[in-house]
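Structural characterization, general
Each chain, written out:
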Amino acid sequence: MSFIIGLFLASFLNVVAERAIRGENWVWSRSKCDCCGHVLAWYDLIPVLSWILLRGKCRYCGNPISIRYPLSELALGAALLFSVKWYYTLSFQIYIVAGLSVLFLSVLTDIYDGTIYDIFTIPFAGIFLLVGLFFSLDFFMLSFFGGIAGFTIAMLLERIKKTGQGDVTLFLFAGVWLGLIDILPSIVFAALALGAVMIFLSVLKKMPQERLPLAPFLFIGVVLNFCF
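Described below are features of the structure shown in this document.

Calculation rules
Residues numbered from 1 in each chain as written. Predicted model: local features only at pLDDT ≥ 70, side-chain atom pairs only at ≥ 80, totals over all residues. Heavy atoms only, no water. Salt bridge = Lys/Arg side-chain N within 4 Å of Asp/Glu carboxyl O. Helix = DSSP H or I, 4+ residues; strand = E, 2+ residues; numbered from the N terminus. Expected span 1.5 Å × (residues − 1). Buried < 20%, exposed > 50% of the residue type's maximum accessible area, 1.4 Å probe, protein only. Contact = heavy atoms within 4.5 Å. Core = buried A, V, L, I, M, F, W, Y, C linked by side-chain atoms within 4.5 Å. Disulfide = S-S within 2.5 Å.

**Examining the pattern of salt bridges**
- For the structure shown, the criterion picks out one salt bridge.
- Note that R68 and E18 form a salt bridge whose closest N and O atoms lie 2.4 Å from each other. One end of the pair, R68, is in helix α3 (residues 68–83); the other, E18, is in helix α1 (residues 2–22), with 50 residues separating them in the sequence.

Right under this line is the structure:
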């Protein structure tokens, strides 16, 4: 079930990310083809399945639909599958799904536009901090100090030009959401994943000139932390 939820959440988050980048209203507008502008029917928007049945092309104009859509849907579906354990309480399962969704939204904007929007990180950092009070005072304190740890680590990385300003607020959110105990190993896993990719690209002699987006690696680190 968590995998299916992840597919549909990723489909929705793709819409939010792209419209945020274009400065469009993502609440009321209907989904349209980027090429011909035709309003898409509900059966054109079934995650992964619609892309497969349409053979990666728009039903109305025949222009190709980017493979990034089904890939991103599968990515979040797999992330929820491996992160949301059956033995978690329902409230904590919802907490994990919500946090991964917020983090994944920044992953999408970072990949598509190289930007992490503070409107998707700072307000949710405050919301998740308050939500921690509903679990316990200890949970709240771990979230509070997790946010401090994430913010501090990101600020130190920014000083040595390893992160951007948006990454700082992203680490702040991740620290609040994960708490002090989980943010540290998540960052370690993220660093290992980033290092492995950089070594791979270096071997292939395809190292990009620009800095790699950090949000996807933090997302990978978080999922690996939940796995182990």
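There is more to say after this.
**As for helix α8 (residues 180–203)**
- The end-to-end C-alpha distance of α8 is 35 Å, a good match for the 34 Å that 24 residues give at a rise of 1.5 Å each.
- Restricting attention to buried positions, one finds in α8 the residues I183, S186, I187, A190, A193 and L201.
- Against α6 (137–159), α7 (165–178) and α9 (215–227) lie the buried residues of α8.
- Remark: K205 follows α8 within two positions and exhibits a positive phi of approximately 60°.

**A short note on α3**
- The end-to-end C-alpha separation of α3 is 22 Å, in line with the 22 Å expected for 16 residues at 1.5 Å each.
- As for α3, its buried residues are in contact with α1, α2 (49–53), α4 (90–113) and α9.

**Observations regarding the nonpolar core**
- If you look at the biggest cluster of nonpolar residues, it comprises 46 residues, and the most contacted ones within it are L100, L103, F104, W177, L218, F219 and V222.
- Contributions of two or more residues to this core are made by α1, α3, α4, α5 (122–135), α6, α7, α8 and α9.
- What V222 contacts, discounting residues up to four positions off in sequence, is L100, L103, W177, L178 and S186.

**A few points about the environment of R55**
- With respect to the helices and strands, the residue R55 is situated in the loop between α2 and α3.
- In sequence terms R55 and I187 are 132 residues apart; their C-alpha atoms lie 38 Å from each other.

**Observations concerning the state of the cysteines**
- For the structure on display, the rule yields zero disulfides.
- Not engaged in a disulfide, the cysteine C61 finds its nearest cysteine sulfur in C58; these two sulfurs lie 3.7 Å apart.

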